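Commentary on secondary and tertiary structure
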Amino acid sequence: MATVIEAMQGDITALDLDAIVNAANSTLLGGGGVDGAIHRAAGPGLLEDCEKLRGCPTGEARITRGHRLKARHVIHAVGPVWRGGAHGEDELLAGCYRASFALAARHRVRSIAFPAISTGVYRFPRDRACRIAVIETRRFTADSLALAHVVFCCFDGETLGLYRAELER
Ligand code: ADP
């Protein structure tokens, strides 16, 4: 069956899916935005797991258990800081999605939610980030039967509108 790909507005920490993706920083030791919200909701066990990983380069991802979250796994993806677009930002952001899908496949994840990685304090233009997210998701799901459900969990209505428009194209 084809993968269901959809956008919704809400708090990613509340979702009852196999995995949620965190927009982490390269220390993996927590931060603001969605990262802080995920650590607060998951409890201190998540930080203990993250400490063992000893960081993650930009454009890559790591996986931990979900602890107190409903999600069984958290995939910590490190997006690029936007520096004008000529510093490999697009490829690094695409790398986050590819690495997240590779980990999801390895851990038999059937349902996964992504936040709009890099579009908060990392200032990646939202429309551009949204396009990359949808392209990489379509690319992965075209070749894989493993994923049943991909959710783009948007915190605000404007981001939701961008994803809805991109998914309709
Ligand atoms: P980054 O450092 O990668 O830019 P941010 O956490 O600052 O990460 O922002 C990434 C996106 O996550 C933004 O669109 C922000 O509005 C959104 N966001 C923040 N909190 C949540 C949450 N609880 N659930 C889903 N998305 C969130």
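In the block above lies the structure referred to throughout.
Here, residues in each chain are numbered from 1, in the same order as that chain's written sequence. Two thresholds apply to this predicted model, a pLDDT of at least 70 for residue-level local features and 80 or more for giving and counting side-chain atom pairs, whereas whole-chain, interface and lining totals are computed over all residues. To obtain the side-chain values, all non-hydrogen atoms of the structure were used and water was disregarded.

1. Let's talk about the sheet that holds strand β1 (residues 4-9)
We count it as follows: Here, any two strands with at least 2 DSSP bridges between them count as paired. Helical segments are the DSSP runs of H or I of at least four residues, strand segments are the runs of E of at least two, and each set is numbered from the N terminus. Every axis corresponds to a line fitted to the C-alpha atoms, with the helix fit spanning only the stretch in contact, and the corresponding angles, defined between N-to-C directions, vary from 0 to 180 degrees. Two residues form a contact once any of their heavy atoms are found within 4.5 Å.
Strand order in the open sheet formed by six strands is β1-β6-β5-β2-β4-β3, and the pairing between neighbours is mixed. Strand pairing shows two members of the sheet lacking a second neighbour, β1 and β3 (61-65), which therefore form its edges. Sheet twist, expressed as the average angle between the axes of neighbouring strands with direction ignored, equals 25°. Here strand β2 (residues 19-24) runs beside strand β5 (residues 111-114); their pairing, made up of two bridges, is parallel. What sits directly across from alanine 19, in β5, is isoleucine 112. Relative to the sheet, helix α2 (residues 44-53) contacts β3 and β4 (73-78), its axis offset from that of β3 by approximately 140°.

2. Regarding the environment of phenylalanine 155
Rule in force here: Three exposure classes are used, based on accessible area relative to the maximum for each residue type with a 1.4 Å probe and protein chains only: buried under 20%, partly exposed in between, and exposed over 50%.
Mapping phenylalanine 155 onto the fold places it in the loop between β6 (149-154) and α5 (157-168). A relative accessible area of 69% means that phenylalanine 155 is categorised as exposed. Taking the C-alpha atoms as reference, phenylalanine 155 lies 6.3 Å from aspartate 11; in sequence the two are 144 residues apart. With near-sequence residues (within four places) excluded, phenylalanine 155 lies in contact with Gln9, Gly10 and Asp11.

3. A look at the packing of helix α3 (residues 89-106) against helix α4 (residues 126-143)
Our working rule: Helix crossings get a hand from a simple test, with the near helix turned counterclockwise from the far one by less than a right angle marking a left-handed crossing and a clockwise turn marking a right-handed one. In this classification, the charged set is Asp, Glu, Lys and Arg, the nonpolar set is Ala, Val, Leu, Ile, Met, Phe, Trp, Tyr, Cys and Pro, and all remaining amino acids, among them Gly, are polar.
At a minimum axis separation of 9 Å, α3 and α4 run at an interaxial angle of 35°. Between α3 and α4 lies a crossing whose hand is right-handed. Contacts between α3 and α4 involve Asp90, Leu93, Ala94, Tyr97, Arg98, Phe101 and Ala105 from the former and Arg128, Ala129, Ile132, Ala133, Glu136, Thr137, Arg139 and Phe140 from the latter. Residue composition of the contact of α3 with α4, grouped by class: nine nonpolar, one polar and five charged.

4. Thoughts on the environment of proline 44
As for its position among the elements, proline 44 is in helix α2. By relative accessible area, proline 44 is classed as exposed at 53%. When the C-alpha atoms of proline 44 and valine 150 are compared, they prove to be 27 Å apart, with 106 residues separating the residues in sequence.

5. Here we look at the packing of aromatic side chains
So the rule is basically this: Each Phe, Tyr or Trp ring, with Trp reduced to its six-membered ring, pairs with another whose centre is within 6.5 Å; inter-plane angles below 30 degrees give stacked pairs, above 60 give edge-to-face pairs, and intermediate values give tilted ones.
Inspection of the entire model under this criterion finds six aromatic pairs. Between tyrosine 97 and phenylalanine 114 the ring centres are 4.9 Å apart and the planes differ by 40°, which places this aromatic pair in the tilted class. Taken together, the positions of tyrosine 97 in helix α3 and phenylalanine 114 in strand β5 put the pair 17 residues apart, joining distant regions of the chain. Ring centres of phenylalanine 152 and tyrosine 163 lie 4.7 Å apart, and the angle between their planes is 25°; on these two criteria the pair is classed as stacked. Taken together, the residues phenylalanine 152 in strand β6 and tyrosine 163 in helix α5 connect sequence positions 11 residues apart. Overall, phenylalanine 152 belongs to the buried group, its relative accessible area being 0%. Linked through ring pairs, Tyr97, Phe101, Phe114, Phe140, Phe152 and Tyr163 together constitute an aromatic cluster.

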